Amino acid sequence: MADRIRGRGRPGGSRQATLRMRLEITSLAKGGEGIARAPIDGHPRAILVPRSAPGDVVEADVHIEAGTPRARVLHLVHSSADRVVPPCPHAERCGGCDRMHLSLDAQRRWHQRIVRDALGAAADGVDIRYHAADRTEHWRTRVRLAARAPGGRVEVGFRAPRSHEIIRVPNCLVCTEAVDAACGEVPGWLEKSVGAGEVVIQQGSAGRAAIVLRWKGQVAPSVFALAEEKVRSECWAGVEVWLEGAREPARIGDASAVMAAADGEPLRAAAGGFMQAHEETSRRLVRSANESIGDEASVLELFCGAGNMTVMLARRAARLEAVESDARAVDAARANLAARGLKARVVVGDADAYEIPSWARVVVLDPPREGAAAACRRIAQSRAKRVVMVSCDPATLARDIGILAHAAWRLTSLDLFEMFPHTSHVESLAVLERSAS
């Protein structure tokens, strides 16, 4: 029940108000917030409550504006049985691990529930297998930090939840030792610079940190000297510095991202390029995807990136063509194949608009968060018999499966991989087959 309303009119006649309410959290949204339901202006409404757990009862200020109402918790009245004390002291302020206040069992249970709810009838009769991460701390091999230096005073850190505020985290519980150490060194490295930008820190060669800085403004001359010193002393693997307007970065050492692929050999990506952040879980997912294509299949791989799955598919497929829009990633995929003595055709192209060749019987795809609706429409009309699809978003996965289901494809297996422990993100591996009719 609402205790009081305060607020005022906004330009254009809309109204912003805040209600003091007691809320019971009943479920979780895919974005990480808890969901409570309460009447507002006589109508039942869903309310998003950050850092809450199903079973919590809270006193909160609920902000009423366009879209879904959001709450700011004032007091925890009753604590859920799923709630734990976050093992990281920065969890409440940092925007990274949005489910660290839940037990690992609860996190995994809700991953499965949210994916099943998103898929609805498409998942009826399908056993959803969950693959928990062996490592839930010190696993993260890639982070993106915000940086700001308005007058020489440098702020570097993660963004606060739903905010541009930068949160300095002296030690990150989920980062690998090398990545975490580099996070602590970057503010001093950028000292006396002026401007703003972002810093990507990844695992590079020999397990050392590889750093890519993109900066708008003036970097201090010492930035380059310190980078050379760090690389020369083998603290960092390499650095790329992109200044605003530059067509090429300043390169010091080798800033390529490096991880162990599913075959145990090094996989390299361009500096700042995408790689899965959990090395062990990525290997398990890729092995499962590779087994799902069957033997001696003719395979088209879409959104191949630097070849994380390509290097395994090339060992099993009778014919393999891989497509990726990022030319630097294509170069990396070709180099990763060549280093293993493997062959596949890797082409630069828009994977979502790529015509499915008539010879392809299996299509493997690992699209970005927005999914691959256009690609799925092409697959539905192709001669392919099987789809092996990786997804990091339950909503776009459900949409893309729906496109295929409408064209008489059926979901035959679904595996979930804990790629990002302590967060609302989960990686899905779906296998679909064309119905006989």
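Preceding this paragraph is the structure being described.
All figures in this text were calculated on a predicted structure; none of them were measured in a lab. (Residues numbered from 1 in each chain as written. Predicted model: local features only at pLDDT ≥ 70, side-chain atom pairs only at ≥ 80, totals over all residues. Heavy atoms only, no water.)

Asker: How should the sheet that holds strand 19 (residues 345–348) be read in this particular structure?
Answerer: Backbone hydrogen bonds are what pair the strands of a sheet, in a parallel or an antiparallel way. The strand order across the open sheet built from eight strands is 7-22-23-21-20-17-18-19, with neighbouring strands paired in mixed fashion. Strands at the two margins of the open sheet, each flanked by one partner only, are strand 7 (128–131) and strand 19. For this sheet the average axis-to-axis angle between neighbouring strands, irrespective of direction, equals 15°. Pairing of strand 7 with strand 22 (residues 409–417), which is carried by four bridges, proceeds in the parallel orientation. Across the sheet, R129 pairs through a bridge with D415, a residue of strand 22. Packed onto the sheet, helix 1 (residues 104–119) meets strand 7, strand 22 and strand 23 (427–434) and runs at close to 160° relative to strand 22. (Pairing = 2+ DSSP bridges. Helix = DSSP H or I, 4+ residues; strand = E, 2+ residues; numbered from the N terminus. Axes fitted to C-alpha atoms, helices over the stretch in contact; angles between N-to-C directions. Contact = heavy atoms within 4.5 Å.)

Asker: Can you help me understand the pairing of strand 22 in this one?
Answerer: Across a regular strand the side chains alternate sides, sitting on one face of the sheet and then on the other. For strand 22, the tally of buried residues reaches seven of nine residues, placing the bulk of the element in the interior. Of the strand pairs in this sheet, strand 22 and strand 23 are connected by eight bridges, and their pairing is antiparallel. Pairing of D415 across the sheet is with L429, part of strand 23. (Buried < 20%, exposed > 50% of the residue type's maximum accessible area, 1.4 Å probe, protein only.)

Asker: For this particular structure, what's the right way to read the packing of helix 2 (residues 177–189) against helix 3 (residues 222–232)?
Answerer: Any two packed helices are characterised by the angle at which their axes cross and by the distance between the axes. Remark: helix 2 packs on helix 3, axes separated minimally by 10 Å, with the N-to-C direction vectors making an angle of 145°. Of the residues in helix 3, those touching helix 2 at E185, G188 and W189 are V223, L226, A227 and K230. For the contact of helix 2 with helix 3, the residue count by class is four nonpolar, one polar and two charged. (Nonpolar A, V, L, I, M, F, W, Y, C, P; charged D, E, K, R; others polar.)

Asker: Would you take a moment to explain the environment of G294 for this structure?
Answerer: Among the structural elements, G294 can be located in the loop between helix 4 (279–292) and strand 17 (298–302). When the C-alpha atoms of G294 and R361 are compared, they prove to be 10 Å apart, with 67 residues separating the residues in sequence. Beyond its immediate stretch of four places on either side in the chain, G294 contacts R316 and R386.

Asker: Explanation requested: the pairing of strand 11 (residues 194–203) in the structure shown.
Answerer: Pairing between strand 8 (residues 142–149) and strand 11: eight bridges, direction antiparallel. From the neighbouring strand, V143 faces strand 11, where its bridge partner is I201. Looking at chain direction, strand 11 and strand 12 (residues 209–218) are connected through 10 bridges and run antiparallel. Residue V199 lies in a different strand from strand 12, and its bridge partner there is L213. Counted between consecutive antiparallel strands, the loop separating strand 11 from strand 12 contains five residues, among which A206 sits at a positive phi close to 60°.

Asker: What is the right way to read the state of the cysteines from this model?
Answerer: In a disulfide, the sulfur atoms of two cysteines are covalently bonded to one another. Counted by the stated rule, this structure contains zero disulfides. You can see C183 has no disulfide; the closest cysteine sulfur is in C175, sitting 4.8 Å from it. Under the relative-accessibility criterion, C183 is labelled buried at 8%. Left without a disulfide partner, C376 is nearest to the cysteine sulfur of C392, which lies 14 Å away. A residue is classified by how much of its surface remains accessible, and C376, at 0% relative accessible area, is buried. (Disulfide = S-S within 2.5 Å.)

Asker: Would you mind showing me how to read helix 6 (residues 327–339) here?
Answerer: Given 3.6 residues per helical turn, the α-helix brings residues three or four places apart onto the same face. In this model helix 6 runs 18 Å from its N-terminal to its C-terminal C-alpha over 13 residues, within 8% of the 18 Å that 1.5 Å per residue would give. Taken together, the buried positions of helix 6 are A329, V330, A332, A333, N336 and L337. Within helix 6, the buried residues cover an arc of 160° as seen down the axis, which keeps them to one side. For helix 6, the exposed residues lying more than 90 degrees away from the buried face are A338 and A339. Buried residues in helix 6 make contact with strand 16 (266–269), helix 5 (310–316), strand 18 (319–324) and strand 19. For helix 6, the N-terminal capping position is held by D326, with its side-chain oxygen 2.9 Å away from the main-chain nitrogen of R328. Just beyond helix 6, the residue with positive phi is G341, at close to 70°. (Expected span 1.5 Å × (residues − 1). Arc of directions from axis to C-beta. Polar contact = N/O pair within 3.5 Å; in protein donor to acceptor, adjacent residues only side chain to side chain.)

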